[in-house]
Amino acid sequence: MFLMVRNLSIHFRKIEALKDVSMEVPEGIIVALLGANGAGKSTLFKAISGFLKPVSGSIWFRKGRIDGKLPDEILRRGISQVLEGKRLFRRQTVLENLDMGAYSRHDGRKDITKDRDELLERFPILKEKAKVKSGLLSGGQQQILAIARSLMAKPKLLLMDEPAQGLAPLVIKEIAETIKKLNESGLTIMVIEHNVRLALGLADKVFILDNGKLVFEGTPASFSEDEYTQKVYLGG
Ligand SMILES: Nc1ncnc2c1ncn2[C@@H]1O[C@H](COP(=O)(O)OP(=O)(O)OP(=O)(O)O)[C@@H](O)[C@H]1O
Ligand SMILES: [Mg+2]
């Protein structure tokens with residue numbers, strides 16, 4: 001299995017943010033992770049990226065156990081979490097931000113520049129704004145830059161925590177198309193999303209967390225047939 005989470009529990013003092021969560025993510029798909037505020041979605045991503053240590057359970061990525069490894073090591077193994085747009089280096093240009101996304105790589109300047117130039121072709125807005133400080137970009141442009149920055153690490157799995165948050169509908173559509181295109185080029189993507197319609201439209205597989213527990217797992221098609229989702233999301 002590409003990514004496997006087994007019986008994962010994470011606590012913050014008395015709060016049980018994740019309770020015995022198990023999930024499997026095959027390579028090549030888009031996964032949407034849904035759930036109310038405080039359900040444990042971001043906690044799960046932080047555990048996968050190595051920023052939080054589980055109290056019990058394990059996380060496996062491409063046959064290697066990664067829980068307990070440092071974030072840098074996990075990034076080198078191929079898991080990259082997209083920064084929130086506002087956590088980019090605001091005083092650095094688009095190009096400088098992209099270069100910083102490659103910090104985990106050991107290959108030479110030439111390879112990094114080549115990959116960066118490819119990304120500029122893929123995202124023309126970044127080429128246009130290459131020398132502009134990222135703090136001066138619009139919200140949507142910052143989000144594109146944040147995604148491109150993550151891609152500079154050459155990940156195999158991309159984690160996106162609410163990439164559409166705070167963006168206008170047209171921009172959200174653009175981000176959704178970007179996610180689909182990246183997936184078509186072979187990248188496995190997990191995305192946390194509050195907008196159920198958007199999530200169902202994007203994902204091959206949906207997981208729902210409720211109060212730290214995994215309460216639903218299935219395809220978008222099976223979403224409407226499930227008792228839990230009917231009650232909570234479809235007003236049945
Ligand atoms: N650093 C922390 N210290 C203490 N409690 C935390 C910490 N981070 C998260 N929690 C708690 O863990 C639970 C899960 O939080 P988490 O951020 O994972 O939820 P979420 O599903 O991402 O919610 P949202 O949709 O609001 O982003 C919540 O009760 C939250 O208050
Ligand atoms: Mg969150």
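Use the structure listed above.
Everything quoted here is computed from the prediction, not taken from an experiment.

## Re the overall build of the chain
Secondary structure summary: the chain contains ten helices and ten strands in total. Here the chain has a C-alpha radius of gyration of 18 Å; the compact-globule value for 236 residues is 18 Å, and the two agree. By its C-alpha atoms, the chain is 50 × 40 × 30 Å across when sized along the principal axes. Taking all 236 residues of the chain together, 50% fall into the buried category. Pairs at least 24 residues apart make up 65% of the contacts formed inside the chain by residues separated by at least 6 positions.

## Digging into the sheet that holds strand β8 (residues 188-192)
Backbone-to-backbone hydrogen bonds pair the strands of a sheet. The strands run either parallel or antiparallel. Strand order in this open sheet of six strands is β6-β7-β8-β3-β9-β10, and the pairing throughout is mixed. For this open sheet the edge positions go to β6 (79-81) and β10 (213-218), each flanked by a neighbour on one side alone. Pairwise comparison of adjacent strand axes, ignoring direction, gives a mean angle of 20 degrees for this sheet. Bridging between strand β9 (residues 205-210) and β10 involves five bridges; their strand directions are antiparallel. Among the inter-strand pairings, Asp-210 is bridged to a residue of β10, identified as Lys-213.

## Quick notes on empty space enclosed by the protein
What the rule picks out here adds up to one cavity of 30 Å³ or more. For the largest cavity, the calculated volume is near 40 Å³. In terms of lining, the largest cavity is formed by Pro-163, Ala-164, Ile-172, Ile-175, Ala-176, Ile-179, Val-191, Glu-193, Leu-198 and Leu-202. For the lining of the largest cavity, the secondary structure elements donating two or more residues are α7 (169-184) and α8 (196-202). Of the residues forming the lining of the largest cavity, the biggest block, four residues, is contributed by α7. Of the residues belonging to the lining of the largest cavity, the class tally is nine nonpolar, no polar and one charged.

## So, the nonpolar core
Judged by nonpolar contacts, the single largest core of 34 residues is most densely connected at Leu-126, Leu-151, Leu-158 and Met-160. Within the residue set of this core, elements represented by two or more residues are α3 (94-100), α4 (109-122), α6 (139-151), β7 (157-161), α7 and β8. Among the elements that make up this core, the one with the highest residue count is α6 (six residues). Split by domain, the residues of this core number at least three in each of domain 1 (25-53 + 69-78 + 156-236) and domain 2 (83-154). For Met-160, the contacting residues outside a window of four places in its chain are Phe-45, Val-82, Ile-147, Ile-179, Ile-189, Met-190, Val-191 and Ile-192. With 29 residues, the next largest nonpolar core counts Phe-2, Ala-47, Met-190 and Ile-192 among its residues.

## Re the packing of aromatic side chains
Under the criterion given, the structure shown has three aromatic pairs. Here Phe-216 and Phe-223 contribute two aromatic rings whose centre-to-centre distance is 5.7 Å and whose plane-to-plane angle is 85 degrees, an arrangement assigned as edge-to-face. Overall, the relative accessible area of 5% leaves Phe-216 in the buried class. Look at Phe-223 and you get buried, because its relative accessible area is 1%. Ring pairing ties together the aromatic residues Phe-216, Phe-223 and Tyr-233, which thus form one cluster.

What counts and how
- Residues numbered from 1 in each chain as written.
- Chains lettered and ligands numbered in written order.
- Predicted model: local features only at pLDDT ≥ 70, side-chain atom pairs only at ≥ 80, totals over all residues.
- Heavy atoms only, no water.
- Helix = DSSP H or I, 4+ residues; strand = E, 2+ residues; numbered from the N terminus.
- Rg over C-alpha atoms; globule rule 2.2 N^0.38 Å.
- Buried < 20%, exposed > 50% of the residue type's maximum accessible area, 1.4 Å probe, protein only.
- Contact = heavy atoms within 4.5 Å.
- Pairing = 2+ DSSP bridges.
- Axes fitted to C-alpha atoms, helices over the stretch in contact; angles between N-to-C directions.
- 1 Å grid on protein atoms, 1.4 Å probe; cavity = no way out; pocket = protein on both sides within 12 Å on 5 of 7 lines; lining within 4 Å.
- Points joined across faces, edges and corners; volume = space filled by probe spheres on them.
- Nonpolar A, V, L, I, M, F, W, Y, C, P; charged D, E, K, R; others polar.
- Core = buried A, V, L, I, M, F, W, Y, C linked by side-chain atoms within 4.5 Å.
- Domains from an automatic or database assignment.
- Phe/Tyr/Trp six-rings, centres within 6.5 Å; stacked < 30°, edge-to-face > 60°.

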